[in-house]
Amino acid sequence: MDNTSTSDIVIINGNSHPDLANMVADRMGLKNGGCSVFHKSNRETIVEISDSVRGKDIYIIQTGTKDANNNIMELLIMAYACKTSSARSIVGVIPYLPYSKQCKMRKRGCIVSKLLAKMMCTSGLTHIITMDLHQKEIQGFFDIPVDNLRASPFLLQYIQESIPEYRNSVIVARNPGVAKKANSYAERLRLGLAVIHGEQKEAESDEVDGRYSPPPTSSSSRQRTTSVSVGVPEHPVKVKPPLTIVGDVNGRIAIMVDDLIDDVQSFVAAAEMLKENGACKIYVLATHGLLSSDAPRLLDESCIDEIVVTNTIPHEIQKLQCHKIKTIDISILIAEAIRRIHNKESMSYLFRNVTLED
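For every chain, the first residue of its written sequence is number 1, and the numbers climb from 1 along that sequence. This being a predicted model, a pLDDT of at least 70 is required before a residue's local features are given, and a value of 80 or more before pairs of side-chain atoms are given or counted; all residues contribute to the totals for chains, interfaces and linings. With hydrogens and water set aside, each side-chain value is computed from the structure's full complement of heavy atoms.

The protein chain has the name Phosphoribosyl pyrophosphate synthase-associated protein 2 isoform X1 in an unreviewed UniProt entry, where Drosophila pseudoobscura pseudoobscura is given as its organism. Under Sequence similarities (unreviewed entry), UniProt gives the following word-for-word description of the protein chain: "Belongs to the ribose-phosphate pyrophosphokinase family." UniProt positions are given in the numbering used here, feature names are shortened, and annotations may be inferred rather than shown by experiment.

In structure tokens, the structure reads:
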């Protein structure tokens, strides 16, 4: 890329998404650094870096996949290997951050994304580049700078250029939690908004954690508190309504937007509801296409017409199983982010059309 001093940039990658790493390196006119990551027979991870990294800026491209635990260990060991080899800076390019959905306390568990952030900082990473975090507050878990890139410009461009008669569309939030993101898309495209209320499975806010359980009391104290009408009241149980749509989709193209497509039952159920309410076509757009388990088969058998995701996560096998999946390349955005960080340029250009609602 123009105006870039590339002599002290080294791009290496693990086994999670080598194709993306090669595309980023090609866009920057660089050769992918010599790093070999493999597993011994006992499943221990071995990292061998053939090129010198002393005094250089290292960019490790390693995204999250369905093999998240190995992806994380490969990243940590690569970062630590560069740190102990006297690299000047080590930037982790993690388009999809694993465990990002475990960013809230549930029951007697823990906030796993906080633990992961601590491990990354300890391993030697000095900067993180990621994309469309599940909750942007995750950035506060890190003690190092985090640039949270947005894929929305690419998805908006796809809607405008690849969906015929998109002006007859309505942006759909499959649950109220996605309404803010869907509203941002609707405002940018000047389209209507519909929200699906009520889900077949429990939402995160409905899950019971230990805080709802009152402390045990003796029979005498229970009688005493009851007599004076003082105590911890029982928490009312939420009764979720059946799926309903707030908004008009009759005769319109329905476009569901989200940050991640993994288990697709909720998407399929929402699409069936949209079809019953008269939607003529149904699209699903998301940044990360994890598509675990039998998601490709369910999508292929569903009434969804097209699923559009970026290449932050490799999904070539899933595309072979479902012809409805389309891919948008975002390597140019990652390459530009690397170039600007290396040249100490402002990153605000990459967020010039992004507001807090995205």
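Additional details are given in the paragraphs that follow.
1. Quick look at the overall build of the protein chain
What counts as a helix is a DSSP run of H or I of at least four residues, what counts as a strand is a run of E of at least two, and both are numbered from the N terminus. A count of helices and strands for the protein chain gives 10 helices and 14 strands. Evaluated residue by residue, the protein chain yields a buried proportion of 50% over its 358 residues. Any two residues whose heavy atoms approach within 4.5 Å are treated as being in contact. Restricting to contacts in the protein chain with at least 6 residues of sequence separation, those with at least 24 account for 67%. Under the convention used here, a 1.4 Å probe and the Shrake-Rupley method define accessible areas, while residue burial counts only the protein chains that appear. Carbon and sulfur atoms provide 51% of the accessible area of the protein chain, an area that totals close to 17,900 Å². Exposure is judged per residue with a 1.4 Å probe applied to protein chains only, and the accessible area is read against the type maximum: over 50% gives exposed, under 20% gives buried, and values in between give partly exposed.

2. Quick look at the packing of helix H1 (residues 18-27) against helix H10 (residues 331-342)
Where helices are involved, their axes are fitted lines through C-alpha atoms of the stretch in contact, as for all axes, and angles between N-to-C directions lie from 0 to 180°. One way to put it is that H1 packs onto H10 with a least axis distance of 9 Å and a crossing angle of 60°. The pairing of H1 with H10 is recorded here as oblique in orientation. As for how H1 packs across H10, the hand of that crossing is right-handed. The residues of H10 that touch H1, namely those facing Leu20, Met23, Val24 and Arg27, are Ser331, Ile332, Ile334, Ala335 and Ile338. Each residue gets one of three labels, nonpolar for Ala, Val, Leu, Ile, Met, Phe, Trp, Tyr, Cys and Pro, charged for Asp, Glu, Lys and Arg, and polar for the others, Gly among them. In terms of residue class, the contact of H1 with H10 is built from seven nonpolar, one polar and one charged. For classification purposes, angles smaller than 35 degrees are called roughly parallel, those larger than 145 roughly antiparallel, those between 65 and 115 roughly perpendicular, and all remaining angles oblique. Should the near helix be turned anticlockwise from the far one by less than a right angle, the crossing is termed left-handed; should it be turned clockwise, right-handed.

3. Section: the packing of aromatic side chains
Working definition: an aromatic ring pair is given by the centre-to-centre distance plus the angle between the planes. Planes of paired rings set the category: under 30 degrees apart is stacked, over 60 is edge-to-face and the rest tilted, where pairs are Phe, Tyr or Trp rings (Trp by its six-membered ring) whose centres lie within 6.5 Å. This model, assessed by the stated rule, comprises zero aromatic pairs. Whether a charge sits over a ring comes down to the Lys NZ or Arg CZ being within 6 Å of the ring centre and within 35 degrees of the ring normal. Directly above the ring of phenylalanine 267 sits arginine 174, whose terminal nitrogen or CZ lies 4.3 Å from the centroid.

4. Focus: the pattern of salt bridges
For this document, the term salt bridge refers to a Lys or Arg side-chain nitrogen within 4 Å of an Asp or Glu carboxyl oxygen. Using the criterion set out here, one finds 11 salt bridges in the structure. For arginine 174, the salt bridge goes to aspartate 258, with nearest N and O atoms at 2.8 Å. In this pair, arginine 174 is assigned in the loop between strand E8 (169-173) and helix H5 (179-189) and aspartate 258 in strand E11 (residues 253-261), connecting sequence segments 84 residues apart. The residue glutamate 345 makes a salt bridge to arginine 339 at a minimum N-O spacing of 3.1 Å. On the basis of relative accessible area, glutamate 345 is assigned to the partly exposed category, the value being 32%.

5. Quick look at the side chain of asparagine 70
Note on placement: asparagine 70 falls in helix H2 (residues 68-84). Asparagine 70 sits in the buried class, given a relative accessible area of 18%. The residues touching asparagine 70, leaving out its near neighbours within four places in the chain, are His39 and Arg43.

6. Comments concerning H2
End to end, H2 covers 24 Å across 17 residues, agreeing with the expected 24 Å (1.5 Å per residue, within 8%). For H2, every residue scored as buried is listed here: Ala68, Asn70, Asn71, Ile72, Glu74, Leu75, Leu76, Met78, Ala79, Ala81 and Cys82. By definition here, a helix of n residues has an expected span of 1.5 Å times n minus one.

7. Points about helix H4 (residues 152-162)
Of all the positions in H4, only Ser152, Phe154, Leu155, Leu156, Tyr158 and Ile159 are classed as buried. For H4, the elements touching its buried residues are H5, E11, strand E12 (281-289), strand E13 (306-310), strand E14 (325-328) and H10.

8. Concerning the environment of isoleucine 128
Positionally, isoleucine 128 belongs in strand E6 (residues 127-131). The class of isoleucine 128 is buried, set by a relative accessible area of 1%. Taking the C-alpha atoms as reference, isoleucine 128 lies 10.0 Å from alanine 117; in sequence the two are 11 residues apart. Ignoring any residue separated from it by four or fewer positions in sequence, one finds isoleucine 128 in contact with Gly92, Ile94, Met120, Phe142, Ile144, Pro145, Val146 and Asp147.

9. Focus: the side chain of glutamate 306
Secondary-structure assignment places glutamate 306 in strand E13. His is not counted, nor are the chain ends; Lys and Arg add positive charge and Asp and Glu add negative charge. The side chain of glutamate 306 is buried and forms no salt bridge, while lysine 326, the nearest opposite charge, is found at 4.8 Å. Apart from residues no more than four positions distant in its own chain, glutamate 306 is found in contact with Tyr158, Ile282, Tyr283, Val284, Lys324 and Lys326.

10. With respect to the sheet that holds E8
We treat two strands as partners when DSSP finds at least two bridges between them. Pairing is mixed in the open sheet, where seven strands are placed in the order E10-E9-E8-E11-E12-E13-E14. One side of each edge strand has no neighbouring strand; the edge strands of this open sheet are strand E10 (244-246) and E14. The sheet shows a mean angle of 25° between the axes of neighbouring strands, direction not considered. H5 rests against E8, strand E9 (192-197) and E11 of the sheet, and its axis sits at about 165° to E8. Sheet strands in contact with helix H7 (residues 265-276) are E8, E9, E10, E11 and E12, and its direction is about 170° off that of E11.

11. Focus on the pairing of strand E5 (residues 89-94)
With respect to burial, E5 is a largely interior element, six of its six residues being buried. Burial along E5 is two-sided: the face carrying Ser89, Val91 and Val93 and the face carrying Ile90, Gly92 and Ile94 are both buried. Handedness of the crossover is the feature at issue here: the chain leaves strand E4 (residues 57-61), passes through H2, returns alongside E5, and the resulting connection is right-handed. In this structure, E5 lies alongside E6, joined through four bridges in parallel fashion. By the bridge assignment for E6, glycine 92 is matched with isoleucine 128. With the strands aimed away from the viewer, a crossover counts as right-handed if its path from the first strand over the helix to the second runs clockwise. Crossover connection from E5 via helix H3 (residues 112-123) to parallel E6: handedness right-handed.

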